[in-house]
Amino acid sequence: MPCFISIDVETANNDISSICQIGMVRFENGVAVESYDRLINPQTFFLGMNTSIHGIDAEMVRSAPKFFEIFDEIDAWLSSGIVTSHSYFDRSAIYRAIIENLIPQKAYSWLDATTIIRRTWPKYSKRGYGLGNLARDFEIEFKHHDACEDARVSGELLCKALADGEYTLTQWHEILTHRKKAKRGVGSV
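The present account deals with the structure reproduced in this document. Counting of residues starts from 1 at the beginning of each chain's written sequence and follows it residue by residue. Two thresholds apply to this predicted model, a pLDDT of at least 70 for residue-level local features and 80 or more for giving and counting side-chain atom pairs, whereas whole-chain, interface and lining totals are computed over all residues. Working from all heavy atoms in the structure, the side-chain values ignore hydrogens and water.

**Considerations on the overall build of the protein chain**
Counting its regular elements, the protein chain contains 8 helices and 5 strands. Reading the protein chain from its N terminus to its C terminus gives the helix and strand order β-β-β-α-α-α-β-α-β-α-α-α-α. It is over C-alpha atoms that the radius of gyration is taken, and the globule rule equals 2.2 Å times the number of residues to the power 0.38. Here the protein chain has a C-alpha radius of gyration of 17 Å; the compact-globule value for 189 residues is 16 Å, and the two agree. For the C-alpha atoms alone, the extent of the protein chain along its principal axes is close to 45 × 45 × 30 Å. Labels follow the DSSP assignment, with helices taken as runs of H or I lasting at least four residues and strands as runs of E lasting at least two, numbered in each case from the N terminus.

So, in structure tokens, the structure goes:
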């Protein structure tokens, strides 16, 4: 199984660029081998609802670095292989934060872990594929809505899906990338 990076973010409010925590976990041969966990000062307000979910508030990030200040570290992780997330939210949040911080955009190799999970296990094809539900079903303990913990669990679930499924991570990447290109008409005559 090739190396991949599992990522998760928490946000301060409904603006998906308001990242206040990022967690990334590197998996090699189906095992978590390294992690990156940082609080980020999103330079914006916190909604009480968001704080009630992840427990992070403005005071906790007051002296934390801003997204652009640690982007080189984040970029090094994102550039190091296939990047997975549990849904498109995290990917969208990263790209919105890049735009909001006027950072030149790069293309990373993204995969949505939920797509693979839903296609591997028919039980989850239409519902029940939320991270908390899957962790409960597969008896994985974790602190939900902590970005690094969510990234770890998402990566572990992806490893299980890859072990049970018929495709490798590289094959999934090719299948899903080809599908996106076909939808956009890229490469068609």
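What follows picks up the thread again.
**Digging into the pairing of strand β4 (residues 82-85)**
Each residue gets one of three labels from its accessible area relative to the maximum for its type: buried under 20%, exposed over 50%, partly exposed in between, using a 1.4 Å probe on protein chains only. Judged by which residues are buried, β4 turns out to be covered on both faces: Ile82 and Thr84 on one side and Val83 and Ser85 on the other are all buried. At least two DSSP bridges between two strands are needed for those strands to be called paired. Sheet topology places strand β1 (residues 4-11) next to β4; 4 bridges connect them, and they run parallel. Directly across from Phe4, in β4, lies its bridge partner Ile82. Bridge count for β4 against strand β5 (residues 109-112) is 4 bridges, and the pairing is parallel. Pairing of Thr84 across the sheet is with Leu111, part of β5.

**Considering the environment of Ile40**
Examined against the element boundaries, Ile40 turns out to sit in the loop between β3 (31-39) and α1 (48-54). On the basis of relative accessible area, Ile40 is assigned to the buried category, the value being 0%. For the pair Ile40 and Ile70, spaced 30 residues apart in sequence, the C-alpha to C-alpha distance is 8.7 Å. Excluding residues that lie within four positions of it along the chain, Ile40 makes contacts with Ile19, Cys20, Gln21, Ile22, Val61, Ala64, Pro65, Lys66, Phe67 and Ile70. Note on definitions: a residue-residue contact is assigned when non-hydrogen atoms from the two residues lie within 4.5 Å.

**What about unusual backbone geometry?**
Although it is not a glycine, Asn29 sits at a positive phi angle of roughly 50°. Judged by relative accessible area, which is 63%, Asn29 ranks as exposed. Even without glycine at this site, Glu139 takes up a positive phi of about 55°.

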